[in-house]
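A structural walkthrough
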Amino acid sequence: MKIDDVMDVALRRGFIFPASEIYGGVSGFWEYGHLGTMVKRKWEDAWRRHFLKLDPNFYEISTTNIMPKAVFEGSGHLENFNDPLTSCKKCNQRFRADDIIAESTGKNAEDLTAEEMTDLIISGKIQCPKCKGALGEVNWFNMMFRLDIGASGGTTGYLRPETAQGSFISFKRMFEVLRNRLPIGLAIIGRVYRNEISPRQGFFRLREFNQAELQIFFDPDKFEEHEDWESVKDVKLRLKPLDTDDIIEMSCESFSDTYGIGKFYVYYMARTQEFYLEKLGLSRDMFRFRELSEKEKAFYNKVHWDVEVFMETLGGYKEVGGIHYRTDHDLSGHQAISKQKMQVNIDGKKFIPHVLELSFGVDRNFWTLLDVSYDKEDERTVFRFKPPMAPKTVAVFPLLNKPELISKAKEIYDLLSMVMETDYDKGGSIGRRYRRQDEIGTPYCITVDFDTLEKGTVTLRDRDTMNQDRIPVDSVLQEIVTRISS
RNA sequence: GCGGCUAUAGUCUAGUGGUAGGACGGAGGCUUCCCAAGCCUUUAGCGCGGGUUCGAAUCCCGCUAGCCGCACCA
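Quick caveat: nothing in here was measured; it's all calculated off a predicted structure. (Residues numbered from 1 in each chain as written. Chains lettered and ligands numbered in written order. Predicted model: local features only at pLDDT ≥ 70, side-chain atom pairs only at ≥ 80, totals over all residues. Heavy atoms only, no water.)

1. Brief notes about the protein's contact with RNA strand B
Taken together, 44 residues are adjacent to RNA strand B, and Asp8, Arg194, Arg435, Phe450 and Gln468 come closest. Contacts to RNA strand B include Ser27, whose side-chain N or O atom sits 3.1 Å from a phosphate oxygen. Arg436 has a polar side-chain atom sitting 2.6 Å from a phosphate oxygen of RNA strand B. Counting only elements with at least two residues in the surface near RNA strand B, the list comes to α1 (2-13), α4 (77-80), β6 (94-96), α13 (430-440), β25 (457-462) and β26 (468-472). Among the elements that line the surface near RNA strand B, the one with the most residues is α13, at 7 residues. Of the residues in the surface near RNA strand B, the class split is 12 nonpolar, 14 polar and 18 charged. (Near = heavy atom within 4 Å. Polar contact = N/O pair within 3.5 Å; in protein donor to acceptor, adjacent residues only side chain to side chain. Helix = DSSP H or I, 4+ residues; strand = E, 2+ residues; numbered from the N terminus. Nonpolar A, V, L, I, M, F, W, Y, C, P; charged D, E, K, R; others polar.)

2. Points about helix α9 (residues 263-279)
In a regular helix each residue adds 1.5 Å, so 17 residues correspond to 24 Å; α9 covers 23 Å between its end C-alpha atoms and thus fits that length. The buried fraction of α9 amounts to 13 of the 17 residues, a majority that puts the element mostly inside the structure. Positive phi appears at Gly281, one or two residues downstream of α9, with a value of about 80 degrees. (Expected span 1.5 Å × (residues − 1). Buried < 20%, exposed > 50% of the residue type's maximum accessible area, 1.4 Å probe, protein only.)

3. What about a negative patch on the surface?
Residues Glu115, Glu116, Asp119 and Glu137 make up a contiguous surface patch of negative charge. Structurally, Glu137 can be placed in the loop between α6 (114-123) and β7 (139-142). (Patch = residues over 30% accessible without salt bridge, like charges linked within 9 Å, V, L, I, M, F, W, Y side chains within 5 Å. Areas by Shrake-Rupley, 256 points an atom, 1.4 Å probe, with all protein chains shown as cover. Salt bridge = Lys/Arg side-chain N within 4 Å of Asp/Glu carboxyl O. Lys, Arg positive; Asp, Glu negative; His and termini not counted. Charge placed at Lys NZ, Arg CZ, Asp CG, Glu CD.)

4. Describing the layout of surface pockets
Taken as a whole, the second largest pocket spans an internal volume of roughly 380 Å³. Taken together, 16 residues form the lining of the second largest pocket, with Leu182, Pro183, Lys222, Glu227 and Phe264 sitting closest to its centre. (1 Å grid on protein atoms, 1.4 Å probe; cavity = no way out; pocket = protein on both sides within 12 Å on 5 of 7 lines; lining within 4 Å. Points joined across faces, edges and corners; volume = space filled by probe spheres on them.)

5. Looking at the sheet that holds strand β4 (residues 66-68)
The strand order across the open sheet built from 3 strands is β4-β9-β8, with neighbouring strands paired in antiparallel fashion. Taken across any chain shown, the strands that pair with only one partner, and hence form the sheet edges, are β4 and β8 (146-149). Pairs of neighbouring strands in the sheet enclose a mean axial angle of 40 degrees, with direction left out of account. (Pairing = 2+ DSSP bridges. Axes fitted to C-alpha atoms, helices over the stretch in contact; angles between N-to-C directions.)

6. A word on the packing of aromatic side chains
Applying the stated criterion to the full structure yields 34 aromatic pairs. Plain terms: the ring middles of Phe58 and Tyr268 are 6.3 Å apart, the flat faces sit at 35 degrees to each other, and that makes the pair tilted. With Phe58 in strand β3 (residues 58-60) and Tyr268 in helix α9, this pair connects stretches of sequence that are 210 residues apart. Each member of the pair, Phe58 together with Tyr268, is buried. Their ring planes at 80 degrees and their centres at 5.9 Å tell us that Phe72 and Tyr158 sit as a pair that is edge-to-face. One end of the pair, Phe72, is in helix α3 (residues 69-75); the other, Tyr158, is in strand β9 (residues 155-159), and 86 residues separate them in sequence. Tyr158 carries the same exposure label as Phe72, and that label is buried. (Phe/Tyr/Trp six-rings, centres within 6.5 Å; stacked < 30°, edge-to-face > 60°.)

7. With respect to the sheet that holds strand β5 (residues 82-87)
In sheet architecture, strand pairing relies on hydrogen bonds along the backbone and comes in two forms, parallel and antiparallel. Strand order in this open sheet of 3 strands is β6-β5-β7, and the pairing throughout is antiparallel. Of all strands in the sheet, those with a lone pairing partner are β6 and β7, marking the two edges. Between one strand axis and the next, the sheet turns by 45 degrees as a mean value, whatever way the strands run. Examined bridge by bridge, β5 and β7 share 4 bridges and lie antiparallel to one another. Paired with Leu85 across the bridge in β7 is Asn139.

8. Let's talk about the packing of helix α5 (residues 97-105) against α6
Look at α5 against α6: their axes get within 10 Å of each other, and the N-to-C directions meet at 40 degrees. Overall, the two elements α5 and α6 adopt an arrangement that is oblique. Handedness of the crossing formed by α5 with α6: left-handed. Of α6, the residues touching α5 (which contributes Ala97, Asp98 and Ile101) are Met117, Leu120 and Ile121. Here the contact of α5 with α6 is built from residues that sort into 5 nonpolar, no polar and 1 charged. (Parallel < 35°, antiparallel > 145°, perpendicular 65-115°, else oblique. Left-handed = near helix turned anticlockwise from the far one by under 90°. Contact = heavy atoms within 4.5 Å.)

9. Some thoughts on unusual backbone geometry
Going from Leu182 to Pro183, the amide bond is cis rather than trans, its omega being -5 degrees. Within the secondary structure, Pro183 sits in the loop between α7 (164-177) and β10 (184-193). Positive phi outside glycine occurs at Lys339, with the angle close to 65 degrees. Of note, Lys339 is situated in the loop between α10 (329-338) and β17 (344-346). Overall, the relative accessible area of 67% leaves Lys339 in the exposed class. At Asp347, a position not held by glycine, the phi torsion is positive, near 50 degrees. Tracing the chain through its elements places Asp347 in the loop between β17 and β18 (349-351).

10. Things to note about the environment of Lys2
Summarising the element assignment, Lys2 is placed in helix α1. Along the primary structure Lys2 and Asp371 are separated by 369 residues, whereas in three dimensions their C-alpha atoms are 8.6 Å apart. Excluding anything up to four places from it in sequence, Lys2 contacts Glu312, Thr313, Asp371 and Tyr374.

11. A look at the pairing of strand β12 (residues 236-240)
The buried fraction of β12 is high, at 4 of 5 residues. Here β12 runs beside strand β13 (residues 248-251); their pairing, made up of 4 bridges, is antiparallel. Counterpart to Arg238 in the pairing with β13 is Glu249. Bridge analysis of β12 against strand β14 (residues 287-291) gives 2 bridges, and the strand direction is parallel. Following the sheet pairing, Lys240 is matched in β14 by Arg290.

Set out below in C-alpha cells:
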C-alpha cells in the first residue's frame, strides 16, 4: 500500500509523527518534524504569494485561537456545530437524535431542545434501529473544545473551529483601517480545533489542524461581475457537478452561464485551479471542483464547491479546500449578537457586505504534496516536489572525506545557506548521499571534488534525471536560482 | 462511540512461559574521484498500568494507540 510507504518515509525522515508519542499519543493529533515544518511553511508561502496578490486590497491578519462564547453564538457554531446524540441502552450504538426522530415520526426535530427530543423518543416509543433496544436520553455533543477563561466562574471560551471567525469579528476595524473600500480580503493562516468523535484516515482528519482562509468581503450587487473577468473567462475548469458522475471541463464563461453562478465566485475558482496546477505543479487529471449537495453543504453556505485532489494514499478524490459563498451569514450573525453595526456605507448605499470564502486545510494540502510527489523506483525512493515546495533546495557534499574538499564544500554551503534551504552531508558513499537527498526530495546536489580545487568547477546533480553538469563554483548560486524559477 | 483484529530498536520483522535475535537505517572509523559497494566499532526495543506464575514479549484484565466495518465528518 502506498500510504504505508509514504508514512514510512514521513516518519523515518522527520516529516510528521504522532503527537505526545512518548505518552502513548492521542488520536487526531500530529506533530511536524523539521522537514514537514519546512514543506508546510513553503506551501503557506506559496499560498500567500498567490492569493494575496489577486487584489491589492487583500491582506493577512492574525487573530486569537481562543474566543469568547458570544463569538460562536454570532457565527452559529454553538447552534449548528452541535449534534444531539442518543445511544441504545442495549447495544450502545450512538445515533443522531434528530435523525432518529425524523425517520420514525417524520417530524423535524432540528430546533428542539435535548429534553424535548428525549420526551419525543419516550412518548413515541422510538427504538434502536439496529437491535430494537431502548434509547437513552439525548445529549448535545459539541464539536468545539470548551475552555474556562480566567479563574473558576470566569468567561466560557472556545478554541476556534475555523480561522474565518477571526476575519469576521475584525471586519469592522479592518474595513475602517483599510479606508472603507470594497472588496477587501482578510486572510488568516493558523491553528483550528475540532473535537471529532472519531478521527481516522491517519493524517487526514485531525482534531488540531491548520487552515489557510481568505474572506473576501464584497457588495452582493456585484456578485455577477469581476473586474478581472477577461483574464479567466476562457479558462477551462475541471468540474464534478451534482448532475453528473463524470468530471467535465467547461470554460468559466459557460460554467457561469450554465450553472448560474456569479462571475465573482467563478473568478476565484479559476484562480484556485491555477494555484494547484501551476504553483503546486499538480497534474490536471488529479484536480477537480466538486459541487456539494444541500445535505452536505455547511450551514452557512449558499454556493459550495469543494476543491478535491486525487490521492492514491487515500484511495480517491479528497477534499483539500472549499470555495464558499457565505453571504452575510456571519456579519449579520455577529451584528445580532454583538449589537455592533456591520453595515457599510459606500457612495451612500448602505448594506452588509457578503463574503466569499476561500478555505484550505493546510495539513491536507501538505499530505497532498507528499502523496502526489512520492515515487518509488527500482533503485530509489524520491519525492518529486516542485523545487519551491521541497524542504531542502540543495545539498552540498565533499566527494571524499578529505580536509581540503570538506573546507571547500563548507564554503559553498555557507554561501548557499544564506539564501536557500541547504543541506551538508559528508557521511557515507557519494551514492548513498544522493539517495538520502532523493528520499526527502532535494532537487539539486552540489559535489566538490579535486577538479573543484584545480579548475574551480563543481558538479550539479539533478534529482529527477540524475544527470550531472559541471559548472563553475562562482555561478552555483545563480544556476540554482535560474533552475528553480524555470 | 460500538464490534472485530493488532501493538517487539528510527523503520520492517523473528521470537506460544525460562539469557530478546535479525535486516535496513543512524553514529564513528578504514577504504573509495560520482549514484543505497566493502570491512571494523557502535547505537537502539517488548505501548502504558495491573494480575496470574518460582519466572511473562508470550497467559488474563484495564487503558492508550493503529487498522477494518458501522456511526460521525458542521
